[in-house]
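Structural characterization, general
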Amino acid sequence: MAFARIHPLEALRQNPFVLAPMAGITDHPFRTFMRKMGSGLVVTELVSATGIEYKSERTLSLMSFEEAQRPVGIQLFGEEPAHVARGAQLAEEMGADFVDLNFGCPVPKVVKKGAGSAMLKDLPAMTEMLRATVAAVKIPVTIKIRTGWDSTMLNADEVAHIAFNEGITWVAIHGRTRAQGYNGRADWNYIAEV
C-alpha cells in the first residue's frame, strides 16, 4: 500500500511547532486536534516494542493514526534492539512518516528494564539499538533524550554525536536529567553548549 509520507525535516522547515510525545496525553484524538490547531507534526505517546512483539491489542492501538495527522511519528521504547527494530518495521508498514525512539522516559518501571533514559548509562547498547533500527526501515528515525542520567553524567553531546554517526534524523533533548524527572530546573545552559 502506498502512503503519502511527509519527511519530518521538510515539515519542520515549513512549521517548527512539534507536538512532543507524552504518555497518556498524545492519544489519537489529541493529535488530530493539535494538527488542526497548527502543530507542524505530531508524535504518538510512547509505545512498548515488547508489547508490539507480544501483539498486545492495547499497545497496537496506541500506534493508530489517520491521514489528517500527517506528518506523524510513532514513538517506540524498549530494551531489546531486535524488538525495537521490528516495532519500527511495523510503524513503517502502517504508514508512519518517521519513528522516534524514546531514550528520555524517567519512569521507574521503564528504566528498571534498561529502556527509556536508562540507555543514557549504556551508550554501546544505545548505539546497537540505533544501528538495528535505522537498518530495519527506510523512513527517518529520530530520538528523544535527556541531558544525561544525572548531574554527574551529562552526555547529551556524546549521544548526539553517536546519533549523527548512526544516521539519526534529529535528536530532541528534554532539558533535564533523568534524576530530575519532571521537576527541577531545566539545564538550558548545558543544552546551549551541545
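Residues numbered from 1 in each chain as written. Predicted model: local features only at pLDDT ≥ 70, side-chain atom pairs only at ≥ 80, totals over all residues. Heavy atoms only, no water.

Looking at the overall build of the chain
Rules: The helix and strand labels rest on DSSP assignments: H or I over at least four residues marks a helix, E over at least two residues marks a strand, and numbering proceeds from the N terminus. Radius of gyration here uses only the C-alpha atoms, and the compact-globule reference equals 2.2 Å multiplied by the residue count raised to the power 0.38. Relative accessibility thresholds used throughout: buried, under 20% of the residue-type maximum; exposed, over 50%; partly exposed, between the two (1.4 Å probe, protein chains only). Should any heavy atoms of two residues lie within 4.5 Å, those residues are considered in contact.
Helices and strands together make up the secondary structure of the chain, namely nine helices and seven strands. A compact globule built from 194 residues would reach a C-alpha radius of gyration of about 16 Å, and the chain, at 16 Å, matches this within 12%. Across its three principal axes, the chain shows a C-alpha extent of roughly 45 × 35 × 30 Å. Scored against the burial criterion, the 194 residues of the chain give a buried share of 51%. A sequence separation of at least 24 residues applies to 71% of the contacts in the chain between residues at least 6 apart.

Observations regarding the pairing of strand S5 (residues 98-103)
The following threshold applies: When DSSP locates at least two bridges between a pair of strands, those strands are taken to pair.
In terms of burial, S5 is a largely internal element, six of the six residues being buried. When strand S4 (residues 72-77) meets S5, the two strands line up parallel, connected through four bridges. Across the sheet, Gln75 pairs through a bridge with Asp100, a residue of S5. Note: S5 against strand S6 (residues 141-146), five bridges, orientation parallel.

Overview of the environment of Phe77
Tracing the sequence through the fold places Phe77 in strand S4. Judged by its relative accessible area of 15%, Phe77 falls in the buried class. The spatial distance from the C-alpha of Phe77 to the C-alpha of Thr142 is 12 Å, given a sequence separation of 65 residues. Not counting residues within four places of it along the chain, the set of residues in contact with Phe77 comprises Leu46, Val47, Ser48, Ala49, Val84, Asn102, Val110 and Ala115.

Some remarks on the packing of aromatic side chains
Note the following rule: By convention, a stacked pair of Phe, Tyr or Trp rings (six-membered ring in the case of Trp) has centres within 6.5 Å and planes under 30 degrees apart, an edge-to-face pair has planes over 60 apart, and any other such pair is tilted. Working rule: Lys NZ or Arg CZ, within 6 Å of ring centre, within 35 degrees of ring normal, means a charge sits over the ring.
Under the defined criterion, the tally for this structure stands at one aromatic pair. Between Phe98 and Trp170, the aromatic rings sit 5.3 Å apart at their centres with planes inclined by 55 degrees, giving tilted as the arrangement. One end of the pair, Phe98, is in strand S5; the other, Trp170, is in the loop between helix H8 (156-165) and strand S7 (171-174), and 72 residues separate them in sequence. Seen from the ring of Trp149, Lys121 lies directly overhead, with NZ or CZ sitting 4.2 Å from the centre.

Focus on the side chain of Thr177
With respect to the helices and strands, the residue Thr177 is situated in the loop between S7 and helix H9 (188-193). For Thr177, a relative accessible area of 5% corresponds to the buried category. With sequence-adjacent residues up to four places away left out, Thr177 is seen in contact with Arg146, Thr147, Gly148, Trp149, Asp150, Ser151 and Leu154.

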